[in-house]
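# Tertiary structure, described
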Amino acid sequence: MAHALYKAHNVPTPDGIVIDSLDKLDEKLNNIDYPRVVKAQVQIGGRGKAGGIKFANSPDEAKKICKELLHSKLKGMDVNKLLIVQKANPIKECYLSIMLDRDYQKPVLIFSANGGIDIEQAAKDDPDSIIKIPINPLLGIQRYNIKYILKKSNLDLNLEERLFPVVKNLYELFIQRDCMLVEINPLAINGKNEFIALDGKITIDDSALPRQEQILNFREELNEEALVKEARKFKFLYIPIEEYGKVAVMSNGSGMIMSCIDLISKEGIKVGAVLDIGGGATADRVAEGIRIILSNKDIDLLFVNIFGGITRCDEIASGIKKAVESLSSKKTVIVRIEGTNKDKGMEIINTVKGIISVDNVREGVKAVVAKMEVI
Amino acid sequence: MAHALYKAHNVPTPDGIVIDSLDKLDEKLNNIDYPRVVKAQVQIGGRGKAGGIKFANSPDEAKKICKELLHSKLKGMDVNKLLIVQKANPIKECYLSIMLDRDYQKPVLIFSANGGIDIEQAAKDDPDSIIKIPINPLLGIQRYNIKYILKKSNLDLNLEERLFPVVKNLYELFIQRDCMLVEINPLAINGKNEFIALDGKITIDDSALPRQEQILNFREELNEEALVKEARKFKFLYIPIEEYGKVAVMSNGSGMIMSCIDLISKEGIKVGAVLDIGGGATADRVAEGIRIILSNKDIDLLFVNIFGGITRCDEIASGIKKAVESLSSKKTVIVRIEGTNKDKGMEIINTVKGIISVDNVREGVKAVVAKMEVI
Amino acid sequence: MSILIDENSKIIVQGITGREGSFHTKQMLEYRSNIAAGVTPGRGGETVHGVPVYDTVKEAFEDTGADTTVLFVPPLFTYQAILEAIDADIPQIITVAEHVPVHDMMKIKNLLKYSVSRVIGPNSFGIISPGKAKAGFMAHRIFSKGNVGIMSRSATNCYETVFMMTNSNIGQSTCIGIGGDMIPGSTFSELLPFYQKDDQTKVIVLIGEIGGIEEEKAADHIKKHITKPCVSLIAGKNAPKERSMGHAGAIVASDGTGSAENKEDKLREAGVHIAESAMDIVDICKRLL
Amino acid sequence: MSILIDENSKIIVQGITGREGSFHTKQMLEYRSNIAAGVTPGRGGETVHGVPVYDTVKEAFEDTGADTTVLFVPPLFTYQAILEAIDADIPQIITVAEHVPVHDMMKIKNLLKYSVSRVIGPNSFGIISPGKAKAGFMAHRIFSKGNVGIMSRSATNCYETVFMMTNSNIGQSTCIGIGGDMIPGSTFSELLPFYQKDDQTKVIVLIGEIGGIEEEKAADHIKKHITKPCVSLIAGKNAPKERSMGHAGAIVASDGTGSAENKEDKLREAGVHIAESAMDIVDICKRLL
């Protein structure tokens with residue numbers, strides 16, 4: 001994704017071609033210059049070490065690598081696409097990123113003359129090697145920002161002419177594409193004093209995806225857990241918490257979900273996953289939510305904790321009834337509902353076999369503990 | 001000037017052709033549609049009443065008007081250019097302007113559904129007919145600004161789609177061209193609900209002219225007083241004050257010049273013109289300044305009042321001596337110099353015949369009064 | 001006295017003709033909030049539950065002199081709607097939408113310094129001063145008038161707390177939904193001074209959660225300026241790192257920034273009572289009142 | 001005590017390697033101002049009159065902790081130079097260039113609300129606290145230490161006044177060149193509070209001129225907040241309308257806005273002593289001290 005977006009925003013990248021099938025390899029690979037680098041397009045860390053980056057000095061070598069790499073698996077991820085780029089001959093490699101800093105409430109520009117580094121590690125080991133400048137979003141990138149970066153990195157001030165447009169374009173990308181982070185690592189300087197983005201990473205604000213159609217397409221390709229995807233179809237949020245946790249929590253708000261995790265964890269019990277059904281819970285949606293989270297095989301017990309503010313408790317109860325009865329699951333379901341029409345809701349709940357109903361969160365957690373001791 | 005800039009910034013104007021010579025009139029005028037409006041391109045108010053705007057229903061009429069109007073004089077100004085535009089058929093005429101408001105320290109957008117008006121008169125007579133909105137320069141024009149204007153003017157809200165781009169482009173022009181004022185009056189609405197700028201005015205910030213080359217070219221064409229132009233060559237500022245005033249003031253700063261005018265005027269004496277020689281006064285520059293202001297024939301008396309802060313008084317005195325002796329003018333020169341090396345300066349001044357030297361401004365004004373009673 | 005919203009507040013509803021806007025206008029009117037005007041472009045001249053609708057915020061403001069606007073508009077339109085309210089000089093802007101892009105809020109937050117406006121939210125349930133008025137969509141039946149001021153990043157944790165408070169006969173002065181986003185329009189530390197000055201508020205409750213450093217800033221502020229007893233709950237102690245917990249702002253960074261432990265330590269140092277659950281908040285308030 | 005500039009001020013000179021910058025650095029050093037650093041991009045590492053030169057303001061600020069910067073840069077580069085200083089969080093930015101485009105100052109003035117910086121000028125002679133320090137290009141020999149605080153839109157009218165004051169043994173606490181432009185970075189009313197608080201200042205002199213409404217605003221401020229005696233001269237009573245008198249800001253509009261009469265009326269109402277000339281200012285100060 002990063003490579004394509006850099007190209008679209010005039011952030012210089014090595015020339016490259018994309019290979020997504022083994023057809024016409026001769027045609028594609030015979031008439032380009034060599035040496036080249038073949039990169040598997042998968043979103044994993046340590047791609048190089050995992051064998052996802054290889055060097056080719058000739059068309060034949062390139063073809064051989066393509067046949068090996070395409071459609072193989074790297075760290076469990078399918079390789080469906082290769083990028084074959086010119087081999088840069090950097091005389092220096094730097095690090096450059098822009099991230100949205102929530103505490104400054106501004107974009108922050110980060111630069112280091114030592115490229116290829118793990119920036120978080122470097123920040124601990126040698127904080128002085130990293131230059132960090134908050135950018136006033138009403139001003140954007142100014143030339144003096146670049147001059148400052150170069151001076152502080154002991155680089156030639158004359159590089160400003162070349163570095164300024166790179167940073168400016170990267171900043172435009174950052175703003176226009178609603179990025180949380182754009183990172184170029186390494187950012188190479190070649191013999192002609194040109195800057196080239198050799199590798200990079202881009203993270204987008206989830207909330208902005210509806211207005212970033214182009215990026216939405218990229219994301220669809222990402223591998224995600226099946227239950228997360230399934231939940232998203234219903235606009236539910238499914239979050240895996242601890243591996244092998246046997247308890248699940250379902251509720252109608254993030255705060256309440258976090259509180260439930262905290263209270264259950266405090267008792268020494270692992271929460272495996274949670275599901276947030278959000279506001280406006282109808283019977284049907286409640287039923288869908290229960291179906292999804294119980295389809296996680298690790299889960300033995302579900303704590304449903306719904307505080308209906310404006311939503312009616314009888315509506316919620318109907319949903320729970322529907323789900324539990326139709327699933328004929330042997331998993332334990334503990335229910336706490338509160339809010340408007342609570343009495344009517346409890347009447348419905350009391351007709352469902354196998355549901356443990358509790359009056360408040362504290363009781364709910366106690367019931368979870370008691371039940372888990374038995375299981 | 002306005003017409004060309006509107007075109008450059010996509011502010012819709014009627015199609016028009018420029019005529020600046022009587023050559024090839026047939027070629028230019030036979031193959032365009034009629035009726036047309038012929039407008040003399042001169043910077044005067046009340047151009048229509050002065051005969052500067054005429055209507056042509058045919059090529060022959062247009063040619064006849066061109067021959068009469070081109071190279072004629074309107075209110076004393078040479079007509080060197082005509083603009084021949086399509087006759088708009090407005091179903092409504094509005095007023096639209098953006099000005100830099102020094103008190104808001106922001107651009108202010110002004111709109112009225114009554115076009116062709118004198119906006120200052122209308123502001124007095126019917127203030128409610130004029131909508132005025134300060135624009136946050138960090139936000140620029142927003143759609144809700146346009147909606148507000150239309151509602152307050154009792155115009156159809158659906159016109160927003162058409163008016164928004166016009167105002168937005170006009171605002172871009174205002175910002176990019178360093179305007180003090182951009183005005184469209186009238187702004188016509190035609191039968192297709194399109195907005196068209198029929199006539200307009202643009203004023204540019206003098207200080208920004210060095211970065212507005214295109215506009216600088218327009219300005220060169222403007223008629224200005226000969227002495228103002230002459231003074232500008234030396235980066236002096238020559239300002240005519242009262243017609244037939246016989247006293248002139250020369251000094252090295254605007255504040256001091258205004259104070260001198262005030263003190264002399266208070267004695268019932270008219271100041272005809274002033275010249276500000278600015279900072280860094282050398283002997284040569286002082287001499288040039290005196291030469292220029294004394295070449296105004298109305299002036300009988302010049303009060304030179306120089307407060308040399310860092311500048312040396314002997315340098316200033318040499319300039320005065322040089323100017324007065326070489327001009328052999330019979331005009332009276334009263335001199336007050338103050339600052340570093342005042343004594344040396346006074347020695348020089350005292351060797352020049354016909355100069356009245358005074359010790360401070362108060363004495364200077366007294367001397368002016370005394371002398372003017374004699375003249 | 002209560003703060004920010006009361007029976008004298010004049011409220012505009014932006015997006016009043018929409019499904020949510022119309023429904024919650026009715027709810028607010030039933031709570032006797034003074035809804036002075038609504039705004040929906042192109043719908044000026046209509047009325048919704050008797051409230052006159054305008055095409056622009058500026059007109060609504062000029063005609064009514066409103067001091068607060070509540071935005072029932074979709075997340076991607078929130079930026080424009082807030083701008084319009086800022087530009088019309090509305091003193092208080094309450095924005096409830098979830099999923100407002102964080103770049104939009106970054107721009108707004110930086111622009112606010114030039115304006116006379118305060119923004120509450122986004123992703124906020126609004127503000128309620130029980131028994132006086134509400135501006136937002138909170139389930140008002142569970143609230144009761146009293147002396148505890150509450151600010152919360154989470155709606156559900158706030159409801160839960162208020163519900164139990166009211167059942168224990170502890171009322172609230174004013175409850176504010178800070179919102180769960182990464183860059184909220186107003187933070188705990190920016191709102192604390194209002195509670196400090198308010199006669200009605202005897203105890204201040206801060207319902208925080210993991211992510212960011214706002215609770216830490218609040219602890220600093222409390223240490224220096226707040227003399228009233230404070231109680232705080234921090235949700236998300238057991239949330240995995242680097243994973244947003246639903247609220248865009250509820251995320252612990254890989255370096256541990258934003259952890260519940262740090263927040264609780266700082267708050268405790270500032271003399272704040274730390275609660276482990278909503279019930280716990282109520283128990284502590286009982287002791288303090 | 002004096003205000004804004006004194007012997008403890010640490011000053012940066014932007015454009016220090018230029019002809020003007022270098023000359024006035026020497027002048028300021030002679031007056032014993034603490035010139036901590038200079039800035040000229042591409043000239044970092046050099047020295048000018050012993051002052052170290054940096055490539056960027058941020059570096060100079062970080063190394064010296066300067067609190068004031070004086071800009072000796074051409075008018076069309078002033079905008080960028082001010083931005084750089086604002087962005088480096090320099091508290092006080094003094095800009096002397098004439099003919100800075102008014103759009104540039106409009107943007108700066110609107111950005112300032114968002115920053116920790118104050119801008120004096122453009123088209124200002126700078127600030128001097130006689131006997132302590134100067135930051136700017138004023139002819140410092142005519143100034144003397146004392147108890148009159150002066151703010152002036154005009155350099156020459158200020159010099160004339162100060163010259164006669166000093167000759168009459170009346171010294172000055174701090175003199176500030178507001179500058180003659182249409183949109184000054186700081187106005188009379190924004191600077192008056194400093195004089196009010198300053199022990200050394202016994203009388204405040206405002207040298208205004210035609211154009212704008214800043215003197216009117218100052219009158220309002222004086223009425224409400226200033227207890228020290230004030231004296232004012234307004235230049236340009238007899239200037240023709242709609243013609244700039246050299247200072248971009250010295251212009252009376254066709255509707256009479258900005259006229260000397262209006263300013264004097266408002267100031268008189270606020271209890272300010274109106275002077276007819278520089279000499280008159282001195283006479284009035286004599287009576288008041």
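A short tour of the structure in this document, coming up. (Residues numbered from 1 in each chain as written. Chains lettered and ligands numbered in written order. Predicted model: local features only at pLDDT ≥ 70, side-chain atom pairs only at ≥ 80, totals over all residues. Heavy atoms only, no water.)

### Some remarks on the interface of chain C and chain A
Our working rule: When checking whether two residues touch, look at their non-hydrogen atoms; a contact exists if any pair is within 4.5 Å. A quick way to say it: buried area is the sum, across both parts, of accessible area lost when two parts are put together, with a 1.4 Å probe. Salt bridges are identified by distance alone: a Lys or Arg side-chain nitrogen within 4 Å of an Asp or Glu carboxyl oxygen.
Listed by partner, the interface residues are 54 residues for chain C and 43 residues for chain A. Area buried by chain C at its contact with chain A is led by C:His103, C:Thr156 and C:Met245, which between them contribute 15% of it. There are 4 salt bridges connecting chain C and chain A. A salt bridge links C:Asp283 to A:Arg362; its shortest N-O distance comes to 3.7 Å.

### Concerning a negative patch on the surface
Note the threshold: Patch rule: a residue counts if its relative accessible area is over 30% and it has no salt bridge; like charges are joined within 9 Å, and nonpolar side chains (Val, Leu, Ile, Met, Phe, Trp, Tyr) within 5 Å. Note on areas: Shrake-Rupley with a 1.4 Å probe; residue coverage comes only from the protein chains shown. When charges are tallied, Lys and Arg are placed among the positive residues and Asp and Glu among the negative ones, while His and the ends of the chain are skipped. We put the charge of a Lys on NZ, of an Arg on CZ, of an Asp on CG and of a Glu on CD. Strands are runs of DSSP state E lasting at least two residues, helices are runs of H or I lasting at least four, and both sets are numbered from the N terminus onward. Here's how the labels work: a residue is buried when its accessible area is under 20% of the maximum for its type, exposed when over 50%, partly exposed in between, all with a 1.4 Å probe on protein chains only.
On the surface, A:Asp118, A:Glu120, A:Asp125, A:Asp126, A:Asp128, C:Glu242 and C:Asp255 cluster together to form a negatively charged patch. Assignment of secondary structure puts A:Glu120 in helix H4 (residues 119–125). Judged by relative accessible area, which is 48%, A:Glu120 ranks as partly exposed.

### Quick word on the interface of chain D and chain A
Quick note on the threshold: Polar contact is defined as a pair of N or O atoms within 3.5 Å, subject to the rule that within protein one atom must be able to donate a hydrogen and the other to accept it, and that residues adjacent in sequence are counted only when both atoms are side-chain atoms.
Taken together, the 13 residues of chain D in the interface contact 14 residues of chain A. Where chain D abuts chain A, roughly 1400 Å² becomes buried across the two surfaces, and 60% of that area is made up of carbon and sulfur atoms. On the chain D side of the contact with chain A, D:Lys58, D:Asp87 and D:Tyr114 bury the most area, a combined 35% of that side's loss. Between D:Glu62 and A:Lys152 there is a salt bridge, and its shortest N-O distance comes to 3.3 Å. The interface formed by chain D and chain A includes 6 residue pairs in polar contact (both at pLDDT 80 or more). Elements represented by at least two residues in the side of chain D that touches chain A include exactly helix H2 (57–64) and helix H3 (75–87) of chain D.

### A short note on helix H9 (residues 226–233) of chain B
All names here are of chain B. Put simply, the test is: An arc is given here, and it is the one of the directions from the helix axis to the C-beta atoms.
What H9 keeps buried is the set Leu227, Val228 and Ala231. Mapping the buried residues of H9 onto a view down its axis gives an arc of 105 degrees, with all of them on the same face. Projecting away from the buried face of H9 at angles above 90 degrees are the exposed residues Ala226 and Lys233. Downstream of H9 by a residue or two, lysine 235 has a phi angle that is positive, lying close to 60 degrees.

### Things to note about the packing of helix H6 (residues 143–152) of chain B against helix H2 (residues 57–64) of chain C
Under the convention used in this document: Comment: axis = line fitted to C-alpha atoms, over the contacting stretch for helices; angle = value between 0 and 180 degrees taken between N-to-C directions. Reported orientations rely on four angle classes, namely roughly parallel under 35 degrees, roughly antiparallel over 145, roughly perpendicular from 65 to 115, and oblique for the rest. Charged residues are taken to be Asp, Glu, Lys and Arg, nonpolar residues to be Ala, Val, Leu, Ile, Met, Phe, Trp, Tyr, Cys and Pro, and polar residues to be all remaining types, Gly included.
One way to put it is that H6(B) packs onto H2(C) with a least axis distance of 8 Å and a crossing angle of 55 degrees. Comparing the axis directions of H6(B) and H2(C) gives the class oblique. On the side of H6(B), the interface is formed by B:Tyr148, B:Lys151 and B:Lys152, while H2(C) contributes C:Lys58, C:Glu59 and C:Glu62. Here the contact of H6(B) with H2(C) is composed, by residue class, of 1 nonpolar, no polar and 5 charged.

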